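# Report on the structure
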Amino acid sequence: MKLTSLLYFQLLFLAAFTLMPMPKKFEKGDKTVKILQRCAIRFSSQQEFPDHVLQLLRHYHELMTLNSNCQFDESIKKQNLQVEGSLKLNINLQSDEQLYWVNDTKQEAYTVEIDEKLNVNINAPNHWALARAIDTVNQLTENNEVENLPLKIYDEPAYVYRGVMVDTARHFLPLKILERTVDALVINKMNVLHWHITDDESFPLLLTNYSQITNTSKHWDTAYFTKSDVSYIIEYASIRGVQIIPEIDSPAHAQSWGRSPELAEMVITCGSTIKQYGQFDPTMELTYEVLKSVMQDFNDMFAKVQFIHFGGDEASNSCFDQRPSIKQFMNEHGIATYFDLQVYYRQRQKDIWKNVVKSSKRVAYWYNKQDQLPAEDDDIIHWWGLTSQLVDVKNRKNDFILSDYHPLYLDVGVGNAFGNSYDAYQTWKDVYKWSPVPPEGFQGNILGGEAPLWGETNNQNTHFQKMFLRSSILGDTLWNPNSKSTEQFWQFTQRLSEMEDRMNKYGFPVSPFTHDYCKRHTKLCFPTLYQDEQNSQDAPESLVQEQPNIILQSQKSE
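Residues numbered from 1 in each chain as written. Predicted model: local features only at pLDDT ≥ 70, side-chain atom pairs only at ≥ 80, totals over all residues. Heavy atoms only, no water.

If you look the protein up in an unreviewed UniProt entry, it shows as Beta-hexosaminidase from Paramecium octaurelia. The protein has a UniProt comment under Catalytic activity (unreviewed entry) that states "Hydrolysis of terminal non-reducing N-acetyl-D-hexosamine residues in N-acetyl-beta-D-hexosaminides." (UniProt positions renumbered as here; feature names shortened; annotations may be inferred.)

What follows is the structure, encoded as structure tokens:
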């Protein structure tokens, strides 16, 4: 069969082909071969594996030989390469350079070919693409057999940025939780961990010159990260094909910076009854002296990341109103409005970043419909409005990351930190219905999307339940949005069910998407995406008539 005849998601294949996310293209046969000797798996190559590739292979060897006494060192020996009934992975890497991020979807493209003798040929441009390829092989082989042989897969993501955000300021998340979050992302073919490090509540990163910021705001004695912790998680993520995006939020969300007596003046405490919020006084030189040192630390600690997130949203005019000196400064410097004051702060912050710290890293900022602050051409706009509202910024030509408040904010609907209602919960179906398609005439470039999990009511005990499986669905969409239009809804839920089982098997206590009966009977319970509202509450779902196909809609604004 020629490459041009590659099949695109034929429905007859899906009953047995339940990868998540689904690959872009494939050719298949009709043979099924049992894996008789799991421990005899072999990884081989014409090249010598560098250390970062060996660590990646070790990681997947542990997953593929789970609950066994198989030895990784045996799997990379150049002998016993033809054991019958065992997987033999022959790996061809175009480059063995260790990458800390990718800028193009082709950098994660790969091919996998498996024959009837369980020879697995993998071609990949680098170790990030290799991670995606081995994950596919792992999913194909997890039931100790491989179907549809001989099999050839060509795969490439639709979007280069597929991530989640964790918040270590509201609740401290130990380094092990960050490690495990990276592991969870990898088996979902997601590649970004946005790390919201600081906020009003705490600044859990030990600084070089202003350690009092950390020491006066940490939640307990050991609730902070060190420079070595940062280096470790960047390397750990890179090996598995995940990039770290650190965020240091200002000028709002900054109360934690000013808890020591010598720095208290730079922060204005905000809030009518609960005095826990704060933002910088942008008129004080102390603000920029501290900011310069902290940004130098971030640039040094995160030298191997692609860009830094500067936050930048939700500054309060009423908070600025509390200090008459701010108005006086504005009058003396020709700053007409608080909007202009924020522009002044951002310009000085960026000047320090580029010309004092001398960082070449790009910067991301939060934006939504209400944010009209200027953005330089190389700034990344992190959009937390609705995708449909991008029409309001359609002339901006920046790179965009989409984090639609509905449905991608994973924390909404469970109440806020004070027990009050906090919007409506966004279900896994809401995430499934979301599409990253911008409005007509939009001139920006969509890098991809991200599901933020803010930490007011999330800690290490609830982390994975709240993050998955909804983030798995986002990863599925951003890798291959076309799969939704070529599979029936029950087939998607079968893939989701297997991802739930897979994550549980690997020790992630994810939230179930349905009860066990419907997990076993997805075709009965999920015949269509949209169901008769009258029947959906109490009537047995088996009464809903099955439809041959589904029609997908983009998430619409309320």
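More follows now that the structure is in view.
Right, let's talk about helix α5 (residues 175-186) for a bit. With twelve residues, α5 extends 17 Å from end C-alpha to end C-alpha; this agrees with the ideal 16 Å at 1.5 Å per step. Counting buried positions along α5 yields nine of twelve residues, so the element is predominantly enclosed. Every buried residue belonging to α5 is among I177, L178, E179, T181, V182, D183, A184, L185 and V186, and all of these are buried. (Helix = DSSP H or I, 4+ residues; strand = E, 2+ residues; numbered from the N terminus. Expected span 1.5 Å × (residues − 1). Buried < 20%, exposed > 50% of the residue type's maximum accessible area, 1.4 Å probe, protein only.)

Moving on: the pattern of salt bridges. Scanning the model with the defined rule gives 28 salt bridges in all. Linking R323 and D281 is a salt bridge whose minimum nitrogen-to-oxygen distance equals 2.9 Å. Here D281 lies in the loop between β13 (277-280) and α8 (285-301) and R323 lies in the loop between α9 (317-321) and α10 (324-332), a separation of 42 residues in the sequence. A residue is classified by how much of its surface remains accessible, and D281, at 1% relative accessible area, is buried. Among the ionic pairs, K433 bridges to D430, the shortest N-O distance being 3.8 Å. Residue K433 and its partner D430 are both found in helix α13 (residues 428-433); the two are separated by three residues, about one turn of the helix. With relative accessibility at 16%, the residue D430 sits in the buried group. Among the charged side chains, a network of salt bridges with common partners joins D167, R170, D199, E201 and E456. (Salt bridge = Lys/Arg side-chain N within 4 Å of Asp/Glu carboxyl O.)

Right, let's talk about the sheet that holds strand β4 (residues 88-93) for a bit. If you trace the six strands from one edge of the open sheet to the other, you get β1-β8-β5-β6-β4-β3, paired in mixed fashion. In this open sheet, the two strands that pair with only one neighbour each are β1 (25-27) and β3 (42-44). Going from strand to strand, the sheet's axes swing by 15 degrees on average, the running direction of each strand aside. Where strand β5 (residues 110-114) and strand β6 (residues 119-124) come together, four bridges link them in antiparallel fashion. From the neighbouring strand, I114 faces β6, where its bridge partner is V120. (Pairing = 2+ DSSP bridges. Axes fitted to C-alpha atoms, helices over the stretch in contact; angles between N-to-C directions.)

What follows covers the packing of aromatic side chains. Within this structure, the stated rule accounts for 30 aromatic pairs. Residues Y432 and F492 carry aromatic rings whose centres are separated by 4.3 Å and whose planes lie at 45 degrees to one another, so their mutual orientation is tilted. Placement of the pair is Y432 in helix α13 and F492 in helix α17 (residues 489-505), with a sequence separation of 60 residues. Note on Y432: relative accessible area 0%, which makes it buried. Taking 6.2 Å as the distance between ring centres and 85 degrees as the angle between the ring planes, the aromatic pair formed by F489 and F526 counts as edge-to-face. One end of the pair, F489, is in helix α17; the other, F526, is in the loop between α19 (522-525) and α20 (533-536), and 37 residues separate them in sequence. Looking at F489, the relative accessible area reads 0%, which means it is buried. (Phe/Tyr/Trp six-rings, centres within 6.5 Å; stacked < 30°, edge-to-face > 60°.)

Mapped onto this numbering, the UniProt entry annotates "active site" (unreviewed entry) at E314. Residue position: E314 is located in the loop between β14 (307-309) and α9. Residue class for E314 comes out partly exposed when judged on its relative accessible area of 47%. Setting aside chain neighbours within four positions, we find E314 in contact with A252, H253, Q279 and W384. (Contact = heavy atoms within 4.5 Å.)

Further remarks concern the pairing of strand β7 (residues 145-149). Within β7, four of the five residues are buried, which leaves it mostly tucked inside the rest of the structure. Of the pairings in the sheet, the one linking strand β2 (residues 31-34) to β7 comprises three bridges and is antiparallel in character. Across the sheet, V33 pairs through a bridge with V146, a residue of β7.

A few words now on the state of the cysteines. Inspection of every chain in the model, using the stated rule, returns three disulfides. What pairs with C270 in a disulfide is C319, and their sulfur atoms sit 1.7 Å apart. Because the torsion about its S-S bond is -70 degrees, the bridge between C270 and C319 counts as left-handed. Of the two residues, C270 sits in strand β12 (residues 267-270) while C319 sits in helix α9, which places them 49 residues apart along the sequence. Here C270 matches C319 in class, with each residue buried. (Disulfide = S-S within 2.5 Å.)

This part covers α10. When α10 is considered as a whole, its buried residues turn out to be I326, F329 and M330. On an axial view of α10, the arc spanned by its buried residues comes to 100 degrees, and they lie on one face. Opposite the buried face of α10, at more than 90 degrees from it, the exposed residues are P324, N331 and E332. If you follow the buried residues of α10, they end up packed against β12, α9 and α11 (338-356). At the exit of α10 stands G334, carrying a positive phi of roughly 65 degrees. (Arc of directions from axis to C-beta.)

Next up on the list: unusual backbone geometry. P21 follows M20 through a cis peptide bond whose omega is 0 degrees. Among the structural elements, P21 can be located in the loop between α1 (11-14) and β1. Put simply, L149 and P150 share a cis peptide bond, and its omega is -5 degrees. Mapped onto the elements of the fold, P150 is located in the loop between β7 and β8 (151-155). The phi dihedral of N148 falls on the positive side, at around 65 degrees, and the residue is not glycine.

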